[in-house]
Amino acid sequence: MSRDMRYAAYYTKRIARRPQEAAVMDPRVRLQQVLAGQRFPAERWELIVVADLYGADALTKAELHALPAVRFRSLADVLHAVERGYRDSLDREQRQRSA
């Protein structure tokens with residue numbers, strides 16, 4: 001009988017997602033997992049603390065640190081702000097390449 005290597009009875013959270021997979025994971029899914037228990041409205045610093053307590057990867061923490069220092073009304077507001085940050089950085093990169 002072969003054993004499924006993804007299955008672990010006691011440490012499912014730790015084994016369920018490997019660190020190298022976090023970078024290729026959808027940013028919305030990552031943030032939803034990390035901020036699942038967060039109450040809103042919430043300040044940016046609260047989101048960062050929750051991510052640290054969750055044990056979020058460096059990419060997720062960097063995304064939260066890049067957010068503006070405002071009060072977010074919902075998880076959807078956080079996701080929109082992160083997506084805006086992605087678009088802004090892509091626009092800057094394209095302008096630099098064309099210059």
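Only a predicted model underlies this, so the values are computations on that prediction, with no experimental measurement involved.

J.: Tell me about the overall build of the protein chain, and name the residues and values.
T.: Of regular secondary structure, the protein chain possesses 6 helices and 2 strands. Listing every helix and strand of the protein chain by position from the N terminus yields α-α-α-β-α-α-β-α. Per-residue burial over the protein chain gives 24% buried out of 99 residues. Long-range pairs, those at least 24 residues apart, make up 56% of the contacts in the protein chain between residues at least 6 apart in sequence.

J.: Pulling in residues and values, what's your account of the pattern of salt bridges?
T.: Within the structure shown, the criterion is met by 6 salt bridges. Of the charged contacts, one joins Glu83 and Arg28 as a salt bridge, the two residues approaching to 2.6 Å between their closest N and O atoms. Taken together, the residues Glu83 in helix 6 (residues 75-98) and Arg28 in helix 3 (residues 27-34) connect sequence positions 55 residues apart. Given a relative accessible area of 25%, Glu83 falls into the partly exposed group.

J.: Report on a nonpolar patch on the surface, specifying residues and quantitative values.
T.: Judged by side-chain polarity, Trp45, Val49 and Leu53 come together as a nonpolar surface patch covering roughly 370 Å² of accessible area. Following the sequence through the fold, Trp45 ends up in helix 4 (residues 44-54).

Parameters at a glance
Residues numbered from 1 in each chain as written. Predicted model: local features only at pLDDT ≥ 70, side-chain atom pairs only at ≥ 80, totals over all residues. Heavy atoms only, no water. Helix = DSSP H or I, 4+ residues; strand = E, 2+ residues; numbered from the N terminus. Buried < 20%, exposed > 50% of the residue type's maximum accessible area, 1.4 Å probe, protein only. Contact = heavy atoms within 4.5 Å. Salt bridge = Lys/Arg side-chain N within 4 Å of Asp/Glu carboxyl O. Patch = residues over 30% accessible without salt bridge, like charges linked within 9 Å, V, L, I, M, F, W, Y side chains within 5 Å. Areas by Shrake-Rupley, 256 points an atom, 1.4 Å probe, with all protein chains shown as cover.

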